[in-house]
Amino acid sequence: MNKTMTCLALAAATATLLAGCASPSYPITPEGHAKASSETPAAPGERDFPSIDSAKWQQGSFASVEALRAMRT
């Protein structure tokens, strides 16, 4: 085989393998969807978080705003 045929064969094999990974191996039924939804925990509410005053760190050192602005990639 020449180089072009080898590349085409490799691309076809890759596409075939990826197509098999793109879909579930079993159908997703409405019952399965409902079961997964019922097992998902509820989103946290306001009472699940501490008050703003108690949620702040009272110790440690923090970067200044100027130092953060001076950072570059």
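Further up the page is the structure itself.
Since we're looking at a predicted model, the values are computed, not measured.

1. Structural notes on the overall build of the protein chain
Now for step 1: Regarding its fold elements, the protein chain presents 3 helices and 0 strands.
Now for step 2: Across the protein chain, helices and strands are ordered from the amino to the carboxyl terminus as α-α-α.
Now for step 3: Taking 73 residues into account, the globule formula puts the C-alpha radius of gyration at 11 Å, and the protein chain, at 27 Å, lies well above it.
Now for step 4: The principal-axis extent of the C-alpha atoms belonging to the protein chain is close to 70 × 50 × 15 Å.
Now for step 5: When the 73 residues of the protein chain are sorted by exposure, 0% land in the buried category.
Now for step 6: Summed over its atoms, the accessible surface of the protein chain is roughly 7,300 Å², and 64% of this surface lies on carbon and sulfur atoms.
Now for step 7: Where the 6 positive side-chain charges of the protein chain centre and where its 6 negative ones centre are 15 Å apart.

2. Considering the pattern of salt bridges
Now for step 1: Summed over all chains, the structure comprises 1 salt bridge.
Now for step 2: Residue Asp48 pairs with Arg47 through a salt bridge whose shortest N-O separation is 3.6 Å.
Now for step 3: For Arg47, a relative accessible area of 77% corresponds to the exposed category.

Rules behind the numbers
- Residues numbered from 1 in each chain as written.
- Predicted model: local features only at pLDDT ≥ 70, side-chain atom pairs only at ≥ 80, totals over all residues.
- Heavy atoms only, no water.
- Helix = DSSP H or I, 4+ residues; strand = E, 2+ residues; numbered from the N terminus.
- Rg over C-alpha atoms; globule rule 2.2 N^0.38 Å.
- Buried < 20%, exposed > 50% of the residue type's maximum accessible area, 1.4 Å probe, protein only.
- Areas by Shrake-Rupley, 256 points an atom, 1.4 Å probe, with all protein chains shown as cover.
- Lys, Arg positive; Asp, Glu negative; His and termini not counted.
- Charge placed at Lys NZ, Arg CZ, Asp CG, Glu CD.
- Salt bridge = Lys/Arg side-chain N within 4 Å of Asp/Glu carboxyl O.

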